[in-house]
Amino acid sequence: MALLYRCYHFILKCIVILIGVPNPKLHRGNNALQDALHALKLPKQSHVLVVTDHTLIKLSEVTKLLNIIKQQQLEPFIFCDVNPNPTIDNVEQGYSNYVHNHCCAIIAVGGGSVIDCAKLIGAKTVRPNKSIADFKGLFKILKRLPPNIAIPTTAGTGAETTVAAVVNDSKAQKKYAATDFSLVPQHAVLLPKLTASLPKHLTATTAIDALTHAIEALLSINCLRFSKERALQACDLIFSYLPAAYQNGEDLHAREQLLLASFYAGQAFTRTSVGYVHAISHQLSANYGTAHGLSNAVLLLPVLRWYGTRIDNTLALIARECRLTSLDYPIARQAEDLLCHIEGLLTEMHIQTTFSELRYEDIDVLAKSALKEAHPDYPVPHFMNLQECRGILTSVSATA
């Protein structure tokens, strides 16, 4: 079975090499949104669907964005019924709004949940005869989405540059991903002011989400040069600027660097996929509504420590590139320095180490679901068995 998985991973690697993954056009600076809107080349008075959530729509910074859209002689229609873990119903409602208001473009303003929802709304507009569930898996859309812009309000998911969109099937209590090159947003706009009001806890967990993307990209056996470079850049930016952004939310330079780190990490993992941290994390979000960034932050160290010495070379590389160790130390010591630094960072930011919602009686089902998600889709460096997955879940359960 392992050999079959590796053959599948090799095919995925060849697809990335031969076809390539599109990159969004990145817009930064004071006129970033205006530049992105001009690039869409929409006729005057065009209707655009602005996808956001109930919390963000109340912020003055989002109101300013809506005014910029109007100043460009475009008519925004707001859809803000997006859950923290977007559901199939959210996507269907957004699609209905798009059609009802005769929209021709989509602008997502929000975290990964909002951007993923907007991606799937776009997919539904070009594949109206398919159900949202039909998009599950690889390359089920294969059609260019309407003109679109992604504006992240958290520095974590990297959804503004990825090929995937995750959605919850509330009835089946499943969380699954649609993956297609067409889901990469056409334009990404990074506005640090939008992240300045993030509470400390969300600043921390979303950044650790991006760090998880970068580390799992580096651990992937499909990690090529571009992904390696981007992932290492992301790690360096997060270790360098997360403490400053955590301590002072108004530090816009630190905020912008974290947004850039999230973008780079997204570019990395969208070419390599993720690993067991995400596979397990998705089950917690689907079954308990646990915030994705938080679940990744709690699971990151247990999974990395489970790999043991098998990933020392990669962890040591990160430690050296991020100046977290001495070049004179042996590889094992450098790897341990990285793990200790991550542990210290999580402690400094008061990240919990267990889940109170994780029930012992659920662990077996969750472990099986996690491995079903990971195998064969995630090109991990070493395969985890059911007993090992149960062990990790048990270690992070407050009730086990």
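So, here is what we can say about the structure in this document.

Cut-offs and rules
Residue numbers here run from 1 along each chain, matching the order of that chain's written sequence. Totals for whole chains, interfaces and linings use all residues, but because this is a predicted model, local features are given only for residues with pLDDT of at least 70 and pairs of side-chain atoms are given and counted only at 80 or more. With hydrogens and water excluded, all non-hydrogen atoms of the structure serve as input to the side-chain values. Cavity: a set of points on a 1 Å grid over the protein atoms alone where a 1.4 Å probe fits but cannot get out. Pocket: an open set with protein on both sides within 12 Å along at least five of seven lines, its lining residues, like those of a cavity, having an atom within 4 Å of a point. Grid points are joined across faces, edges and corners, and a volume is the space filled by probe spheres set on the points. By definition, any uninterrupted DSSP run of H or I lasting at least four residues is a helix, any uninterrupted run of E lasting at least two residues is a strand, and each is numbered from the N terminus. In this classification, Asp, Glu, Lys and Arg are treated as charged, Ala, Val, Leu, Ile, Met, Phe, Trp, Tyr, Cys and Pro as nonpolar, and every other residue, Gly included, as polar. Relative accessible area decides the class of each residue, using a 1.4 Å probe on protein chains only: under 20% of the type maximum gives buried, over 50% gives exposed, and in between gives partly exposed. Think of it this way: Lys and Arg go in the positive column, Asp and Glu in the negative one, and His and the chain ends go nowhere. Just to be clear on terms, a salt bridge is a Lys or Arg side-chain nitrogen sitting within 4 Å of an Asp or Glu carboxyl oxygen. Side-chain atoms alone can form a polar contact between residues adjacent in sequence; in general such a contact is a pair of N or O atoms within 3.5 Å, and within protein one must be able to donate a hydrogen while the other accepts it.

Let us now look at empty space enclosed by the protein. For the structure on display, the rule yields four cavities of 30 Å³ or more. What lines the largest cavity is a set of 14 residues, and nearest its centre among them are Ile-115, Ala-118, Lys-119, Asn-148 and Pro-185. Where the lining of the largest cavity is concerned, the elements lending two or more residues are strand 4 (105-110), helix 5 (112-126) and strand 6 (148-152). It is helix 5 that provides the largest number of residues to the lining of the largest cavity, a total of four residues. Of the residues belonging to the lining of the largest cavity, the class tally is 10 nonpolar, three polar and one charged. When its volume is computed, the second largest cavity comes out at roughly 40 Å³. For the second largest cavity, the full set of lining residues is Glu-216, Leu-219, Ser-220, Val-274, Gly-275, Tyr-307, Pro-379, Val-380 and Pro-381. Here the residues of the lining of the second largest cavity sort into six nonpolar, two polar and one charged.

In this section: the side chain of Asp-180. Note that Asp-180 resides in the loop between strand 8 (174-179) and strand 9 (187-189). Here Asp-180 is buried and forms no salt bridge, its nearest opposite-charge partner Arg-127 lying at an N-O distance of 7.5 Å. One polar contact links the side chain of Asp-180 to the main-chain amide nitrogen of Ile-141, over a distance of 3.1 Å. Side chain to side chain, Asp-180 and Ser-182 meet in a polar contact 2.9 Å long.

On to the layout of surface pockets. Of the pockets and cavities examined, the second largest pocket occupies roughly 330 Å³. Along its surface, the second largest pocket is lined by 15 residues, and Gly-29, Asn-30, Glu-61, Leu-191 and Lys-193 are the ones closest to its centre. Put simply, the parts of the chain that give the lining of the second largest pocket at least two residues each are helix 2 (32-40) and helix 3 (60-71). At four residues, the largest contribution of residues to the lining of the second largest pocket is made by helix 3. Residue classes in the lining of the second largest pocket are distributed as seven nonpolar, four polar and four charged.

All we've got here are geometric facts, nothing functional implied.
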